[in-house]
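# Architecture and fold: a report
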Amino acid sequence: MTQKEIALKNNKIIKVDKLLKKEFGIPQRAEKLPDPVDLTIGTILSQNTNDNNSYKAFKNLKQSINNWNDLLNLSEKELEYLIKIAGLGKQKAAAIKNFVNEIYQKNKKINLDFIKSMSNEESIRELTSFKGIGVKTASCVLLFSLDRDVCPVDTHVHRTVNRLGIVSEKQRDKTYFSLNINFPKRIAHSFHTNLIKLGREICKPQKTLCSICPLIAVCEYESKNLEPAEKKKSNAFMLLDKI
Ligand code: SF4
């Protein structure tokens, strides 16, 4: 991307963030930033399920152990049982076991504090070097635990930023890297969280509700659905702010 393209992208991000805050408000976040290991495990649990069920699985897991070291001696079957409410238990248990085993082998303790002194790029590289940790999980750690100016890209963020014309990418991870070139300061959390809300309630995968969208004036999507629609309140619970 040229400097001019980056500036245009960032101007649009700032404009969209303002419009979303006007519509949905400033999203609350936890007073104390969550520990990076907690956040990583919470994000693994949240894959392909709703935030309520992954929150229950996370709480259940934490209440069943003294600390993350206990996971080293837990079998995958036992772990799978503790997190089953989040779905995909076998797959998620394997990813969590692998993550804690690898981190323990590397540092002799289950702790990710060493990434706090790394740049965003280095932290992403380090975290994605663990089997089962992708760019989305790594970038969630950067935003929610380290409070970096980084916007993770889940399915809602990927869909909406491409429809809006902020980036033009087919793959989610490519959207992440284009969107995050010099991401504007101090708005990543509100932008990310409110876009997820927009994606869940208004800019849905199939039927967009453009007639009630606060972003219609700045959106470049060519197939807008302008049929009259009603505003509906959806579940605003966001797992990663509750860990
Ligand atoms: S105007 Fe329509 S396509 Fe554009 S962001 Fe809003 S709901 Fe999505």
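What you are looking at is a predicted structure, and each value in this text was computed from that prediction instead of being measured.

This paragraph deals with the overall build of the protein chain. Broken down by element type, the protein chain carries ten helices and zero strands. In sequence order, the secondary structure elements of the protein chain are arranged as α-α-α-α-α-α-α-α-α-α. Over its C-alpha atoms the protein chain spans a radius of gyration of 19 Å, differing by no more than 12% from the 18 Å that the globule rule assigns to 243 residues. The dimensions of the protein chain, computed from C-alpha atoms along their principal axes, are 55 × 40 × 35 Å. Split into buried and exposed, the 243 residues of the protein chain put 36% on the buried side. At a minimum sequence separation of 6, the contacts of the protein chain that also span at least 24 residues come to 66%.

This part covers the domain arrangement of the protein chain. What the domain assignment lists for the protein chain is domain 1 (3–29 + 150–241) and domain 2 (36–145). On a C-alpha basis, the centres of domain 1 and domain 2 stand 27 Å from each other. Elements with a contribution of two residues or more to the side of domain 1 that touches domain 2: α9 (172–179) and α10 (188–201). Counting residues per element, the side of domain 1 that touches domain 2 draws most heavily on α10, which supplies three residues. Across the side of domain 1 that touches domain 2, the residue classes break down as nine nonpolar, two polar and two charged.

Turning our attention to the site of the ligand. Close to the ligand lie 14 residues; Cys203, Cys210, Cys213, Cys219 and Tyr221 are nearest. Tallied by class, residues from the shell around the ligand come to ten nonpolar, two polar and two charged.

Right, let's talk about the environment of Gly89 for a bit. Checked against the element boundaries, Gly89 lands in helix α5 (residues 89–107). It is 31 Å that separates the C-alpha atoms of Gly89 and Lys207, two residues lying 118 residues apart in sequence. The contact partners of Gly89, leaving out residues within four places of it in the chain, are Glu80, Ile83 and Lys84.

Our focus in this paragraph is the nonpolar core. Within the largest apolar cluster, 59 residues are counted, with the highest numbers of intra-cluster contacts made by Leu45, Ile83, Ile96, Leu127, Val141, Cys151 and Leu179. Looking at which domains feed residues into this core, each of domain 1 (3–29 + 150–241) and domain 2 (36–145) supplies at least three.

Compared with an ideal rise of 1.5 Å per residue, which puts 19 residues at 27 Å, α5 spans 27 Å between its outermost C-alpha atoms and is within 8% of the ideal. Residues Lys92, Ala93, Ala95, Ile96, Phe99 and Val100 constitute the buried set of α5. In an axial view of α5, the angular spread of the buried residues amounts to 165°, which keeps them on one side of the axis. Those residues of α5 that are exposed and aimed more than 90 degrees away from the buried face are Lys90, Gln105 and Lys106. Residues of α5 that are buried in the fold lie against α2 (36–46) and α4 (76–82). Among the residues trailing α5, Lys108 stands out with phi positive, at a value near 60°.

Further remarks concern the packing of α2 against α5. Relative orientation of the contacting elements α2 and α5 amounts to 160°, with a least axis distance of 9 Å. Classed by the angle they form, the pair α2 and α5 counts as roughly antiparallel. Viewed along their axes, α2 and α5 form a crossing whose handedness is right-handed. Contact residues: α2 offers Thr40, Ile41, Ile44 and Leu45, while α5 offers Lys92, Ala95, Ile96 and Phe99. Of the residues in the contact of α2 with α5, the class split is six nonpolar, one polar and one charged.

Conventions used here
Going along each chain's sequence as written, the residues are numbered from 1 onward. Restriction of local features to residues with pLDDT of at least 70 applies here, the model being predicted, together with a cutoff of 80 or more for giving and counting side-chain atom pairs; totals for whole chains, interfaces and linings are based on all residues. Starting at the N terminus, helices and strands are each numbered in turn, a helix being any DSSP run of H or I of at least four residues and a strand any DSSP run of E of at least two. The globule rule used here is 2.2 Å times the number of residues to the 0.38 power, and the radius of gyration it is set against is calculated over C-alpha atoms. A residue is called partly exposed when the number of other C-beta atoms within 10 Å of its own lies between 12 and 20, exposed at 12 or fewer, and buried at 20 or more, with C-beta atoms placed from the backbone. Any pair of residues counts as being in contact when their C-beta atoms, constructed from backbone geometry, are within 7 Å of one another. Residue ranges labeled as domains rest on an automatic or database domain assignment. Residue type decides the class: Asp, Glu, Lys and Arg count as charged, Ala, Val, Leu, Ile, Met, Phe, Trp, Tyr, Cys and Pro as nonpolar, and the leftover types, Gly among them, as polar. We call a residue near a molecule or strand when the C-beta position, derived from backbone atoms, sits within 6 Å of it. To form a nonpolar core, buried Ala, Val, Leu, Ile, Met, Phe, Trp, Tyr and Cys residues must be joined through C-beta atoms within 7 Å. By definition here, a helix of n residues has an expected span of 1.5 Å times n minus one. Directions pointing from the helix axis toward each C-beta atom define the arc. Here, axes are lines fitted to C-alpha atoms. For helices the fit covers the stretch in contact, and angles between N-to-C directions go from 0 to 180 degrees. Should an angle fall under 35 degrees it is called roughly parallel, over 145 degrees roughly antiparallel, and 65 to 115 degrees roughly perpendicular, with every other angle called oblique. In this scheme the crossing of two helices becomes right-handed for a clockwise turn of the near helix relative to the far one and left-handed for an anticlockwise turn of less than a right angle.

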